Amino acid sequence: MHFFSSNFKLGILGGGQLGKMLLYETRKWDIYTKVMDASAEAPCKIACNHFVQGSLLDFDDVYAFGKDVDVLTIEIENVNVDALEKLESEGVKVYPPTNALRIIQNKATQKLFYTDNDIPTSPFTRFAYTSEIEDSIANGGLEFPFVWKSAQFGYDGQGVKVVRALKGLSGLPNVECIAEKMVDFKNELAVVVARNTKGEVKTYPVVEMEFHPEANQVEYVICPARIEESIAKKAVEVALKVSTSIEHIGLLAVELFQTQDDEILVNEVAPRPHNSGHYSIEASYTNQFEQHIRAILGLPLGKTDSKVAGVMVNLVGAEGYTGDVIYENIDSILKMDGVTPHVYGKKQTRPFRKMGHVTIVDEDMAKARKMAQQVKETIKVISK
């Protein structure tokens, strides 16, 4: 099949920042793209060939959207998988495959999959409804503290809460969920695995993630992770086991815990380009977005090594500000060597909403990390 400057049509479900960055690569290669998103102001709208407004969770919308594309991919997991299965059965190539997406889309199913496939993960309990948790605590089946996670529709720190006492359950939605034992960890790590349609597999270097304590969002991604080589090797081995077991095609971002005893546990995965791989746009030989396109089209995978050390800083809406966005002091960070801001194109900010990111590259990791802190303290995402 000819992909470039041809009649080939690539469909992307989701029009957010991940889709927008995928479109940088499709435009570079002149691949025709069709994108669907619920928002008429989705960041992807200005960069794709054909934009469709529709619900990613509606069977009819997804099915109608996918009928005339050759390959269909996603930039968010929360999509109607039944519609994707029907499209698959009719010959549309869907990546990640729906069998992989069904496992990943529900966090309870995902955790059970790890248990069934002897993949190390933290102990957990599955509940049909959040209201069942209190009885489990009363009967000694669950102990504080634990991490409550909605089984579906969690994203960017939403649908996750550390519960330290009964009052912590107040206000949580009464939905299918899991309660995970708190992990005493040294580091939160991630490995992005690429697998193409021909079975070729490559991994990116292990990255280290530093999270915001309140928003449960990544604040910094550091590549390479500041860990021993033996730990990095173990993290890659676990990530590859997850990839092989799930049989994904495209990218699979595997989030991991390094425990105090240097064990590696899988936290969760995402079958798409991921926040933990954004550094690769400036720091890697092949960035994660180009790699995803290569993988789903069956093209040879690119080199995953880093050219230089990279640190990514997430730009999120400042607390106390909601409305038309202003990026305060962006000119100040542009004066710094090796600093590249990415603005996602969301016109409205709110507290902790992901609005962009900044990559800092340098041959000296310590210098890059120090500069990342300076960037974080300088630029502010506020409103008018």
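Overview of the structure.

## Concerning the overall build of the chain
Point 1. On a plain count of helices and strands, the chain comes out with eleven helices and 21 strands.
Point 2. Against the globule reference of 21 Å for 384 residues, the chain gives a C-alpha radius of gyration of 20 Å, in line with a compact fold.
Point 3. Projecting the C-alpha coordinates of the chain onto the three principal axes gives extents of approximately 65 × 50 × 45 Å.
Point 4. A buried classification covers 57% of the 384 residues belonging to the chain.
Point 5. A separation of at least 24 residues holds for 63% of the contacts in the chain among residues at least 6 apart in sequence.
Point 6. Accessible surface, the chain as shown: approximately 16600 Å² in total, 47% of it carbon and sulfur.
Point 7. Side chains of the chain give 42 positive and 52 negative charges; the mean places of these two sets differ by 4 Å.

## Concerning the pattern of salt bridges
Point 1. All told, the structure shown has 20 salt bridges when counted by the stated rule.
Point 2. Salt bridges here are not isolated pairs; linked through shared partners, they connect Glu 25, Lys 28, Glu 290 and Arg 294.

## Considerations on the side chain of Gln 291
Point 1. Inspection of the secondary structure puts Gln 291 in helix 9 (residues 288-296).
Point 2. In this structure the side chain of Gln 291 is engaged in a polar contact, spanning 3.5 Å, whose partner is the side chain of Tyr 204.
Point 3. Residue contacts for Gln 291: discarding those within four places in its chain leaves Ala 194, Tyr 204, Leu 251, Thr 286, Leu 301, Gly 302 and Thr 304.

## Regarding the nonpolar core
Point 1. Core analysis: the biggest nonpolar cluster contains 26 residues, and Val 206, Val 242, Leu 256, Val 266 and Val 269 have the highest contact counts within it.
Point 2. Those elements that place two or more of their residues in this core are helix 4 (98-105), helix 5 (107-116), strand 10 (185-195), helix 7 (229-246), strand 14 (250-259) and strand 15 (264-270).
Point 3. Among the elements that take part in this core, helix 7 stands out by supplying eight residues, more than any other.

## Observations regarding the sheet that holds strand 7 (residues 146-150)
Point 1. Pairing within the open sheet is antiparallel, and its four strands lie in the order 6-9-7-8. Each edge of the open sheet is held by one strand with a lone partner, namely strand 6 (124-127) and strand 8 (160-163). Adjacent strand axes in the sheet meet at a mean angle of 20° when their direction is disregarded.
Point 2. In terms of strand pairing, strand 6 meets strand 9 (residues 177-181) through four bridges, oriented antiparallel. By the bridge assignment for strand 9, Arg 126 is matched with Ile 178.
Point 3. Against the sheet, helix 5 makes contact with strand 6, strand 7 and strand 9, and its axis sits at roughly 140° relative to strand 6, the strand it touches most.

## Quick look at the sheet that holds strand 3 (residues 50-53)
Point 1. Read from one edge of the open sheet, five strands run 3-2-1-4-5, paired in parallel fashion. Looking at which strands have only one partner, the edges of the open sheet turn out to be strand 3 and strand 5 (93-95). When the angles between neighbouring strand axes are averaged without regard to direction, this sheet yields 20°.
Point 2. Here three bridges tie strand 4 (residues 71-74) to strand 5, and the two strands are oriented parallel to one another. When the sheet's bridge partners are listed, Thr 73 is paired in strand 5 with Tyr 95.

## Considering the packing of helix 4 against helix 5
Geometrically, a packed helix pair is captured by the angle between its two axes and the distance between the axes.
Point 1. In the contact formed by helix 4 and helix 5, the axes pass within 5 Å of each other and the chain directions differ by 105°. The pairing of helix 4 with helix 5 is recorded here as roughly perpendicular in orientation. For the pair helix 4 and helix 5, contact is made by Arg 102, Ile 103, Ile 104 and Gln 105 and by Lys 107, Thr 109, Gln 110 and Phe 113, respectively.
Point 2. Across the contact of helix 4 with helix 5, the residue classes tally to three nonpolar, three polar and two charged.

## Brief notes about unusual backbone geometry
Point 1. In this structure, the amide linkage connecting Tyr 95 to the following residue, Pro 96, adopts the cis form with an omega of 5°.
Point 2. Note on placement: Pro 96 falls in the loop between strand 5 and helix 4.
Point 3. Residue Pro 224 is reached from Cys 223 by a cis peptide bond, and omega for that bond is 5°.
Point 4. Among the structural elements, Pro 224 can be located in the loop between strand 13 (218-223) and helix 7.
Point 5. Located in the positive-phi region is Asp 262, a residue other than glycine, with phi close to 65°.
Point 6. Residue position: Asp 262 is located in the loop between strand 14 and strand 15.
Point 7. In this structure, Asn 329 is a non-glycine residue whose phi angle is positive, near 75°.
Point 8. Structurally, Asn 329 can be placed in the loop between strand 17 (323-328) and helix 10 (330-334).
Point 9. What makes Asn 329 partly exposed here is its relative accessible area of 32%.

Thresholds applied
Residues numbered from 1 in each chain as written. Predicted model: local features only at pLDDT ≥ 70, side-chain atom pairs only at ≥ 80, totals over all residues. Heavy atoms only, no water. Helix = DSSP H or I, 4+ residues; strand = E, 2+ residues; numbered from the N terminus. Rg over C-alpha atoms; globule rule 2.2 N^0.38 Å. Buried < 20%, exposed > 50% of the residue type's maximum accessible area, 1.4 Å probe, protein only. Contact = heavy atoms within 4.5 Å. Areas by Shrake-Rupley, 256 points an atom, 1.4 Å probe, with all protein chains shown as cover. Lys, Arg positive; Asp, Glu negative; His and termini not counted. Charge placed at Lys NZ, Arg CZ, Asp CG, Glu CD. Salt bridge = Lys/Arg side-chain N within 4 Å of Asp/Glu carboxyl O. Polar contact = N/O pair within 3.5 Å; in protein donor to acceptor, adjacent residues only side chain to side chain. Core = buried A, V, L, I, M, F, W, Y, C linked by side-chain atoms within 4.5 Å. Pairing = 2+ DSSP bridges. Axes fitted to C-alpha atoms, helices over the stretch in contact; angles between N-to-C directions. Parallel < 35°, antiparallel > 145°, perpendicular 65-115°, else oblique. Nonpolar A, V, L, I, M, F, W, Y, C, P; charged D, E, K, R; others polar.

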